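This is what each chain is made of:
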Amino acid sequence: MVDRHVGRRVCEKRIALGFNQTELGRALGVTFQQVQKYEKGANRISASKLWDIARFFRVDIGYFFEGLVAAPQPGMAELQAQPFEHDFPATRQTIEIGRLAPRLSSRQQKLVLDLMRELTAQGEDDGAD
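Residues numbered from 1 in each chain as written. Predicted model: local features only at pLDDT ≥ 70, side-chain atom pairs only at ≥ 80, totals over all residues. Heavy atoms only, no water.

Participant: How do you make sense of helix α3 (residues 32-40) when you look at a structure like this?
Facilitator: In an α-helix, one full turn covers 3.6 residues, which means residues spaced three or four apart are oriented alike. Looking only at α3, the buried set comprises Gln34, Val35, Tyr38 and Glu39. Along the axis of α3, the buried residues cluster in a sector spanning 140 degrees; they form a single face. Packed against the buried residues of α3 are α1 (2-17), α2 (21-28) and α4 (47-57). The positive-phi residue at the C-terminal boundary of α3 is Gly41, with phi of around 80 degrees. (Buried < 20%, exposed > 50% of the residue type's maximum accessible area, 1.4 Å probe, protein only. Helix = DSSP H or I, 4+ residues; strand = E, 2+ residues; numbered from the N terminus. Arc of directions from axis to C-beta. Contact = heavy atoms within 4.5 Å.)

Take a look at the structure:
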């Protein structure tokens, strides 16, 4: 769970900064396929690689662990990820929507939200045929 959380944070930050997986991989000395595995949580990111990623993104190491809380377990404390407020794939478009939304007035945000709801409902209706 921790590996997936950290990988998701790497992916979101990479996209928000406008880098692709190849560029991040080149900076780390790994392939873009390895970056994919890191971001999906399939491969654990070593401490030294996470340090390199943090330096490349110019963030504190703690950034990647934000949203994790220690949940007491009998006999030991285990880190668990709190559910993300959003459970959508991190893409350039979703991050851009999230970045631009606060610039809109409340009325404009409501109009955009209504449009998105209508578009998604149309997609569901189209798929039902």
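Participant: What's the story with unusual backbone geometry in this structure? I'm lost.
Facilitator: Residues other than glycine predominantly adopt negative phi, and peptide bonds predominantly adopt the trans conformation. Positive phi outside glycine occurs at Arg58, with the angle close to 60 degrees. One can find Arg58 in the loop between α4 and β1 (68-73).

Participant: Would you mind showing me how to read the packing of α2 against α4 here?
Facilitator: Between two packed helices, the angle of one axis relative to the other and the distance separating the axes together describe the packing. In contact at an axis separation of 10 Å, α2 and α4 are set at 120 degrees when each is read in the N-to-C sense. Where α2 crosses over α4, the handedness of that crossing is right-handed. Facing Glu23, Leu24, Ala27 and Leu28 of α2, the residues of α4 in contact are Lys49, Asp52, Ile53, Phe56 and Phe57. Residues belonging to the contact of α2 with α4 are distributed by class as follows: six nonpolar, no polar and three charged. (Axes fitted to C-alpha atoms, helices over the stretch in contact; angles between N-to-C directions. Left-handed = near helix turned anticlockwise from the far one by under 90°. Nonpolar A, V, L, I, M, F, W, Y, C, P; charged D, E, K, R; others polar.)

Participant: How should I be thinking about the environment of Gly41 in this particular structure?
Facilitator: Along the chain, Gly41 falls in the loop between α3 and α4. Residues Gly41 and Val2, spaced 39 residues apart in sequence, show a C-alpha to C-alpha distance of 8.2 Å. Among all residues touching Gly41, those that are not within four sequence positions of it are Asp3 and Arg4.

Participant: Explain a nonpolar patch on the surface to me, please; I cannot follow it from the model alone.
Facilitator: Residues Ile97, Leu104, Val112 and Met116 make up a contiguous nonpolar surface patch of roughly 300 Å² in combined accessible area. Here Ile97 shows up in helix α5 (residues 92-100). The partly exposed category is assigned to Ile97, whose relative accessible area is 44%. (Patch = residues over 30% accessible without salt bridge, like charges linked within 9 Å, V, L, I, M, F, W, Y side chains within 5 Å. Areas by Shrake-Rupley, 256 points an atom, 1.4 Å probe, with all protein chains shown as cover. Salt bridge = Lys/Arg side-chain N within 4 Å of Asp/Glu carboxyl O.)

Participant: I keep staring at the packing of aromatic side chains and nothing clicks. Help me out?
Facilitator: Aromatic ring pairs: the centre-centre distance and the angle between the two ring planes describe each pair. Inspection of the entire model under this criterion finds four aromatic pairs. On the basis of an interplanar angle of 40 degrees and a centroid distance of 6.5 Å, the ring pair of Phe57 and Phe64 is categorised as tilted. Accessibility assignment for this pair places Phe57 and Phe64 in one class, buried. Ring plane angle 85 degrees and centroid distance 5.3 Å describe the contact between Tyr63 and Phe64, whose orientation is recorded as edge-to-face. No difference in accessibility class separates Tyr63 from Phe64, as the two residues are buried. Through a chain of ring-to-ring contacts, three or more aromatic side chains come together here, namely Phe19, Phe56, Phe57, Tyr63 and Phe64. Sitting over the face of the ring of Tyr63, Arg9 holds its NZ or CZ atom 3.9 Å from the ring centroid. The ring of Tyr63 carries the charged tip of Lys13 above its face, separated from the ring centre by 5.1 Å. (Phe/Tyr/Trp six-rings, centres within 6.5 Å; stacked < 30°, edge-to-face > 60°. Lys NZ or Arg CZ within 6 Å of the ring centre and 35° of its normal.)

Participant: It is not clear to me how the nonpolar core should be interpreted in this structure. Could you clarify?
Facilitator: In a soluble, globular protein the nonpolar side chains are often hidden away together inside. Val10, Ile45, Ile53, Phe57 and Phe64 are the most contacted members of the largest nonpolar core, which has 14 residues in total. Secondary-structure elements contributing two or more residues to this core are α1, α2, α3 and α4. The element best represented in this core is α4, accounting for four residues. Beyond its immediate sequence surroundings of up to four residues, Ile45 is in contact with Val6, Val10, Tyr38, Leu50 and Ile53. (Core = buried A, V, L, I, M, F, W, Y, C linked by side-chain atoms within 4.5 Å.)

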